[in-house]
Amino acid sequence: MADDLTRIPGLDAAAPQPGTGAVVEMRGIRKSFGQNEVLRGVDLTIEAGQHVVIFGPSGSGKSTLLRTINLLEVPTAGSLKVLGREYAHGNEPGVPRGKPVELRRDVGMVFQQFNLFPHLTALENITMPLKRVAKVKGSEAEERAAHALRSVGLLRHAAHYPREMSGGQQQRVAIARALSMDPKVMLFDEPTSALDPELVGEVLSVMRKVAESGMTMVVVTHELGFAREVGDLSVFMEDGQIVESGPRGFFDNCQNPRTQKFISAVL
Amino acid sequence: MKIFAAYDWSLIWDYRSQLLDGLWVAIKVSIVALVLSVVVGLLLALMRMGKAPLTWIAAGYVNIFRGVPALVSVIWVYFGLSMLLGIQFSTFQAGVIALTLLYSAFIAEIYRAALTAIPKGQREAGLALGMNPVRVFLSVTLPQATKIAIPNIGSMFIGMVKDTSTFTVIGLTEVVRVTQNINSTYFQPFVLYTAAAALYVIVAFLIDFLFRGVEKVMESPPRGRIAQAITGRKRRRILALIERHQASPSA
């Protein structure tokens, strides 16, 4: 019997709506690795339920920007507000900063290399964070995990280890794992770039399902076809800065010649 | 003129219980030393990979103790360190401490290599899921590092058992001491030391067998019939869970 408790927001239930107002607000974000300045003053606002797509050439800083949202990269300067709370240096001194651990309860991430835990089964990859971080009881964790796997079409593989699954299957488990933690925002860092072409479609299907549930998503991708279809806000980055961004229809209406050049080279 | 002394192989059977007792002492010392060495070694590896003064202290310890022979170590602990600290160690304790000082250094290097072999993304995935760094270490990093380290730790264990042979010099009643005692009465070195060697070889073989078994259980998925029998219950539980969910109608 499908219990409401076990429905996974983002997969088979509506995604959480974190109220009105911006979910993520980045102002003046700068990031340097030693002498190398990778992000050179980025401003980006993400609204609830919005699907943001970030694209651009390699080295443009798009992954670094994405990883700043859950503080896997700590900005050298600038303000990062997630759900109203400041987590970076901020432009207002004296404002208390939230801790990364708290931020990551509300922000889920899917990686290019999947990063499933190889010593755990597909099911355990999902139950372990539920038990250890969300403090969910064992039996309920298993029910939720089984449900999540079913929603991505991989219930049959619950007892399998990552090594026994294809890349596309692993990535779908990774998406289920992130969604099971009930995030308000989902980050996708080039989720299909490491996949064989014939496996890309199954992952994009799941991502489409997540988008349809109303989840706030930020996706760094080279799949511009998907971006055009799903993106509410498309952002083109180059050399550590946002060159141009725009709402739906951006891909056909972009103004900046650099953007046009990149898109025409890819699409 | 006798060309060959008569070989008295019956001595081995007659003194089998003393020889096996000696072997058991050697194994006990080694097991305790192994557990301590893994704990200390892991700590040293973490220190080495950490921040400023700790990393040098750990590196210094490792470089020093990797070069000390077991014989020197045990004499130093039993006669020297005990005088320094004012505590009289028993021969058993001195043996354990001597082995731990040496082998924690080796195991520190083994764990350091294992920990650096784990891809950065594993830790990032743990953090992204909201785990704090300690939880990431315990649930993500350490299990994977231990799996990589286990074969080498097994070799270290065999080395420990062999090194206990030098503890005869402080009077620990392990294999070599027992053999020396019997030999001083009967003077049959060939027979007796062949027996001693055989005991060590058998133990080495058994340890190797045991650690291979552990490696197989730790594989994902577990390999081999024994390993699968041990982990079978978990698998069956998950399969039952799958069945239940497949049976219920989709939401």
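Residues numbered from 1 in each chain as written. Chains lettered and ligands numbered in written order. Predicted model: local features only at pLDDT ≥ 70, side-chain atom pairs only at ≥ 80, totals over all residues. Heavy atoms only, no water.

Engineer: Can you lay out the overall build of chain B for me, pointing to particular residues and giving the numbers?
Structural biologist: Counting its secondary structure elements, chain B contains ten helices and zero strands. Listing every helix and strand of chain B by position from the N terminus yields α-α-α-α-α-α-α-α-α-α. In terms of overall dimensions, chain B is more spread out than a globule: its C-alpha atoms have a radius of gyration of 24 Å, far above the 18 Å expected for 251 residues. The proportion of buried residues among the 251 residues of chain B is 43%. Expressed as a percentage of contacts within chain B between residues at least 6 apart in sequence, the contacts between residues at least 24 apart total 75%. The centroid of the 23 positive side-chain charges in chain B is displaced by 10 Å from the centroid of its 11 negative side-chain charges. (Helix = DSSP H or I, 4+ residues; strand = E, 2+ residues; numbered from the N terminus. Rg over C-alpha atoms; globule rule 2.2 N^0.38 Å. Buried < 20%, exposed > 50% of the residue type's maximum accessible area, 1.4 Å probe, protein only. Contact = heavy atoms within 4.5 Å. Lys, Arg positive; Asp, Glu negative; His and termini not counted. Charge placed at Lys NZ, Arg CZ, Asp CG, Glu CD.)

Engineer: Let's hear about the packing of helix H4 (residues 138–151) of chain A against helix H10 (residues 225–247) of chain B: which residues, and what values?
Structural biologist: Helices that pack against each other are described as a pair by the angle of their axes relative to one another and the distance between those axes. Interhelical geometry of H4(A) versus H10(B) gives an angle of 60° and a closest axis separation of 10 Å. It follows from the interaxial angle that H4(A) and H10(B) lie oblique. Along this stretch, H4(A) crosses H10(B), giving a crossing that reads as right-handed. Seen from H4(A), the contacting residues are Glu142(A), Glu143(A), Ala146(A), His147(A) and Arg150(A); seen from H10(B), they are Arg237(B), Leu241(B), Arg244(B) and His245(B). Looking at side-chain class alone, the contact of H4(A) with H10(B) contains two nonpolar, two polar and five charged residues. (Axes fitted to C-alpha atoms, helices over the stretch in contact; angles between N-to-C directions. Parallel < 35°, antiparallel > 145°, perpendicular 65-115°, else oblique. Left-handed = near helix turned anticlockwise from the far one by under 90°. Nonpolar A, V, L, I, M, F, W, Y, C, P; charged D, E, K, R; others polar.)

Engineer: An account of the interface of chain B and chain A is needed here, citing residue identities and associated values.
Structural biologist: Contacts between chain B and chain A engage 35 residues on the former and 38 residues on the latter. Taken together, the two surfaces of chain B and chain A that pack against each other cover about 3,200 Å², and 61% of this comes from carbon and sulfur. Of all residues in chain B, Leu129(B), Ser220(B) and His245(B) give up the largest surface area on contact with chain A, accounting jointly for 20% of the area buried on that side. One salt bridge connects Lys234(B) with Glu124(A), and the closest N-O pair in it is separated by 3.1 Å. Counting the contacts that link chain B with chain A gives twelve residue pairs in polar contact (both at pLDDT 80 or more). Of all the secondary-structure elements, those providing two or more residues to the side of chain B that touches chain A are helix H6 (120–128), helix H7 (133–163) and H10 of chain B. Grouping the amino acids of the side of chain B that touches chain A by side-chain chemistry returns 15 nonpolar, twelve polar and eight charged. (Buried area = accessible area lost by both parts, 1.4 Å probe. Salt bridge = Lys/Arg side-chain N within 4 Å of Asp/Glu carboxyl O. Polar contact = N/O pair within 3.5 Å; in protein donor to acceptor, adjacent residues only side chain to side chain.)

Engineer: With reference to specific residues and values, describe the sheet that holds strand S7 (residues 185–189) of chain A.
Structural biologist: Residues and elements named next belong to chain A. A sheet is described by the order of its strands in space; here six strands give the open sequence S6-S7-S8-S3-S9-S10, paired in mixed fashion. The outermost strands of the open sheet, each flanked by one partner alone, are strand S6 (107–110) and strand S10 (241–247). Sheet twist, expressed as the mean angle between neighbouring strand axes with direction ignored, is 15°. Relative to S10, strand S9 (residues 233–238) runs antiparallel, the two being bridged by six bridges. Bridge pairing links Met237 to Ile242 in S10. (Pairing = 2+ DSSP bridges.)

Engineer: Give a description of the pattern of salt bridges that names residues and reports values.
Structural biologist: When charged atoms on two side chains of opposite charge get close, those side chains can pair. Residues and elements named next belong to chain B. Applying the stated criterion to the full structure yields 19 salt bridges over all chains. Between Arg212 and Asp208 there is a salt bridge, with its nearest N and O atoms 2.8 Å apart. Taken together, the positions of Arg212 and Asp208, both in helix H9 (residues 189–218) and four residues apart, correspond to about one turn of that helix. For Arg223, the salt bridge is made with Glu219, and the minimal N-O distance between the two is 3.0 Å. Of the residues examined, Glu219 reaches a relative accessible area of 22% and is grouped as partly exposed.

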